[in-house]
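Next come the chains, spelled out residue by residue.
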Amino acid sequence: MAVIAMTQEMASLGKDVALGVAEKLGLQLVRHEVGDMVAGRMQVKKSLIRRIREGKASRIEKWAADEKTISIFTAEEVFDLAVRGNVLIRGWGATLLLRSVPHVPCVRVCAPMELRVKRLMERLETDDEELARREIEVDDAARAQRMGEHFNVTWGDATLYDLTLNTERVSIESCVDQVVRLASRPEFAETPESKRKLGDLALEAKARAALRADSRTSGIDISLEVAGGVVTLRGIVVDDRERTLVVEVVKAVPGAGAVRDELRTMAGGLFRFPSQTK
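Residues numbered from 1 in each chain as written. Predicted model: local features only at pLDDT ≥ 70, side-chain atom pairs only at ≥ 80, totals over all residues. Heavy atoms only, no water.

Draft legend 1. Up close: the packing of aromatic side chains. Under the criterion given, the structure shown has zero aromatic pairs. The ring of Phe73 carries the charged tip of Arg41 above its face, separated from the ring centre by 4.2 Å. If you follow Arg108 out to its NZ or CZ, it ends over the ring of Trp155, 6.0 Å from the centre. (Phe/Tyr/Trp six-rings, centres within 6.5 Å; stacked < 30°, edge-to-face > 60°. Lys NZ or Arg CZ within 6 Å of the ring centre and 35° of its normal.)

Draft legend 2. Inspection of the pairing of strand 6 (residues 223–227) at higher detail. With burial as the criterion, only one face of strand 6 is covered, namely that bearing Leu224 and Val226; the residues Ser223, Glu225 and Ala227 on the opposite face remain uncovered. By the bridge criterion, five bridges tie strand 6 to strand 7 (residues 230–237) in an arrangement that is antiparallel. By the bridge assignment, Ala227 is partnered in strand 7 with Val230. Remark: two residues form the turn of the hairpin made by strand 6 and strand 7, two consecutive strands paired antiparallel; Gly228 in that turn has positive phi of roughly 60°. (Buried < 20%, exposed > 50% of the residue type's maximum accessible area, 1.4 Å probe, protein only. Helix = DSSP H or I, 4+ residues; strand = E, 2+ residues; numbered from the N terminus. Pairing = 2+ DSSP bridges.)

Draft legend 3. Geometry of the pairing of strand 1 (residues 3–8). Summarising burial for strand 1: six of the six residues are buried, a large majority. Judged by which residues are buried, strand 1 turns out to be covered on both faces: Val3, Ala5 and Thr7 on one side and Ile4, Met6 and Gln8 on the other are all buried. Judged from the four bridges that link them, strand 1 and strand 3 (residues 87–90) form a sheet pairing that is parallel. Paired with Ala5 across the strands is Ile89, a residue of strand 3. Here four bridges tie strand 1 to strand 4 (residues 106–110), and the two strands are oriented parallel to one another. Directly across from Ala5, in strand 4, lies its bridge partner Cys106.

Draft legend 4. Structural detail: the sheet that holds strand 1. Read from one edge of the open sheet, five strands run 2-3-1-4-5, paired in parallel fashion. Of all strands in the sheet, those bounded by a partner on one side alone are strand 2 (28–30) and strand 5 (163–166). Within this sheet the neighbouring strands show an average axis-to-axis angle of 20°, counted without direction. Inspection of the sheet shows strand 2 paired to strand 3 by three bridges, in the parallel sense. Across the sheet, residue Val30 finds its bridge partner in strand 3, namely Ile89. Taken strand by strand, helix 5 (residues 67–84) contacts strand 1, strand 2 and strand 3, and its axis lies near 160° from that of strand 3. (Axes fitted to C-alpha atoms, helices over the stretch in contact; angles between N-to-C directions. Contact = heavy atoms within 4.5 Å.)

Draft legend 5. Examining the sheet that holds strand 8 (residues 259–265) more closely. Read across the sheet, three strands follow the order 6-7-8 without closing on themselves; strand pairing throughout is mixed. For this open sheet the edge positions go to strand 6 and strand 8, each flanked by a neighbour on one side alone. Within the sheet, the average angular offset between the axes of one strand and its neighbour, ignoring direction, is 10°. As paired strands, strand 7 and strand 8 are joined by seven bridges and run parallel to one another. By the bridge assignment, Ile236 is partnered in strand 8 with Arg264.

Draft legend 6. Examining the side chain of Asp261 more closely. Tracing the sequence through the fold places Asp261 in strand 8. Of the residues examined, Asp261 reaches a relative accessible area of 5% and is grouped as buried. From its side chain, Asp261 meets the backbone nitrogen of Leu263 in a polar contact 3.0 Å long. (Polar contact = N/O pair within 3.5 Å; in protein donor to acceptor, adjacent residues only side chain to side chain.)

Draft legend 7. The arrangement of unusual backbone geometry in detail. In this structure, Asn86 takes a positive phi of about 55° despite not being glycine. Considering the arrangement of structural elements, one finds Asn86 in the loop between helix 5 and strand 3. Among the residues examined, Asn86 registers a relative accessible area of 37% and is labelled partly exposed.

Spelled out as structure tokens, the structure:
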């Protein structure tokens, strides 16, 4: 089942490319639906999630929805969509979340700043060039900050993508054709191995989200790794009670197999190591 991840700069016409690809391949096109789902999980307004991601939220607004939680719930939704397949996910860090999955092509759509400013002015029906440029610069800065903080990568790094399209020189029709052609290449065919890889990443995201959503474990910061459905927990917790809660929450996640408990406790000022939990 085809899965394509796409990112774009503001006013680069990435939306048009995504629409064309989705129509040709018969894919579900997902954009704002991810943010809507995250807002529902966090019980905040959809507009707040968008303002935070666009770098336009006030300090007070950010207190209502911290970016770490947004990131965790976003990853869960992106991986869930990818597991279901037949989808093109535009934005929301999908290209970085899914880039390690062999059968998912990751595409970036871009254009020079001056052309983007011109296009945005036309879209907004304004002759205020300064306003359009400022909107783009704020959006660019927010994207760069998110990518740096959440993925430790540099925004604009061409090696992060399988295909980069410049809509100044390449028409929308040609962009669509290139993405469709790339997605049909043998190297992006789904295999049992790539499907297992995606399944493990999705399970990891679900486990992280479950820990964050549970008030008993939301403040516990540990690392999670999943291989073959086996979840390995590593990190430091306060005591055996916290360890038990973490294991309990993770074991309840649908699809979780064995849980390897490698957590350490700080009880008595000494680290204590547990045995494996089945």
